[in-house]
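One-letter residues, chain by chain:
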Amino acid sequence: MTVTLEIYKLDLDAPRDLQTVEITDESITLEWKNSKAQVVQYRIKYGPLSGGDHGELLFPLGTKDSTQAKITGLRPGTEYGMGVTAVKDERESLPTTTNAVTALDAPKELTVTEVTETTMMLEWKRPLAKLDSYKLVYLSADGQRAEDTVPGNSESHTLRGLKPGMMYTISITAERGSRTSVPATISAPTGQQHFPKFLK
């Protein structure tokens, strides 16, 4: 009886060559080669390896020899375990599994709040992902480039030593280890330099 159950369970072969084809800060897109059996759909079970809510989704069979599935609503900077099984009627294959890490989300609502002739204060909202630091890159209109590294718990930073009356383009990226977010970018000028008026 046990042998019969095993044969019945393995009647559907598992999806093959499971791989991650696209990752954002809130989604993971998977692709795999379809089972040789005539399956109806695929079930994906997924959850963060660190613990938390797990999910389950059903996706229809792809029109070619492979199927793609996009899992959305994920947490940024989080490693997920995912298993894909072939499903037909009441039967289900063994799972094919993989792990993938969502991207770091970028700092939000980057704004310039205070400007002088040589300084510029930036403020932003922190990303959801855990961070080590931020990297700020600022480029002047005349081609001068500089960088600042800011602690990951910061929500503001003042750029100093800037040129008066100069347009700057500033980008800020979140960093953890060797991973970085997409940059948030803003452009703003420093204040004009004012010279004293001498009376004749």
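Residues numbered from 1 in each chain as written. Predicted model: local features only at pLDDT ≥ 70, side-chain atom pairs only at ≥ 80, totals over all residues. Heavy atoms only, no water.

A. Representation of the sheet that holds strand 5 (residues 66-72) in the model. Strand order in this open sheet of 3 strands is 1-2-5, and the pairing throughout is antiparallel. Edge strands, defined here as strands with exactly one partner in the open sheet, are strand 1 (16-23) and strand 5. Averaged over all neighbouring strand pairs, the angle between strand axes comes to 20°, with direction disregarded. Judged from the 5 bridges that link them, strand 1 and strand 2 (residues 27-33) form a sheet pairing that is antiparallel. (Pairing = 2+ DSSP bridges. Helix = DSSP H or I, 4+ residues; strand = E, 2+ residues; numbered from the N terminus. Axes fitted to C-alpha atoms, helices over the stretch in contact; angles between N-to-C directions.)

B. Representation of the UniProt feature "domain: Fibronectin type-III" (unreviewed entry) in the protein chain. Under the present numbering, the feature "domain: Fibronectin type-III" (unreviewed entry) in UniProt falls on residues 14-106 and 107-194. The straight-line gap between the two end C-alpha atoms of residues 14-106 is 37 Å; of that span, 0% is helix and 58% is strand. (UniProt positions renumbered as here; feature names shortened; annotations may be inferred.)

C. Region of interest: the pairing of strand 4 (residues 55-60). Where strand 3 (residues 41-48) and strand 4 come together, 6 bridges link them in antiparallel fashion. Of the residues in strand 4, the one forming a bridge with isoleucine 44 is leucine 57.

D. Structural detail: the nonpolar core. Leu110, Leu122, Trp124, Tyr134, Tyr168, Ile170 and Ile172 are the most contacted members of the largest nonpolar core, which has 21 residues in total. Every element with two or more residues in this core is listed here: strand 10 (120-125), strand 11 (133-140), strand 14 (167-176) and strand 16 (184-189). Per-element tally for this core: the top contributor is strand 14, with 4 residues. Excluding anything up to four places from it in sequence, isoleucine 170 contacts Leu110, Met120, Leu122, Leu136, Val137, Tyr138, Leu159, Ala184, Thr185 and Ile186. Judged by nonpolar contacts, the second largest core, of 19 residues, contains Leu12, Ala37, Ile44 and Val84. (Core = buried A, V, L, I, M, F, W, Y, C linked by side-chain atoms within 4.5 Å. Buried < 20%, exposed > 50% of the residue type's maximum accessible area, 1.4 Å probe, protein only. Contact = heavy atoms within 4.5 Å.)

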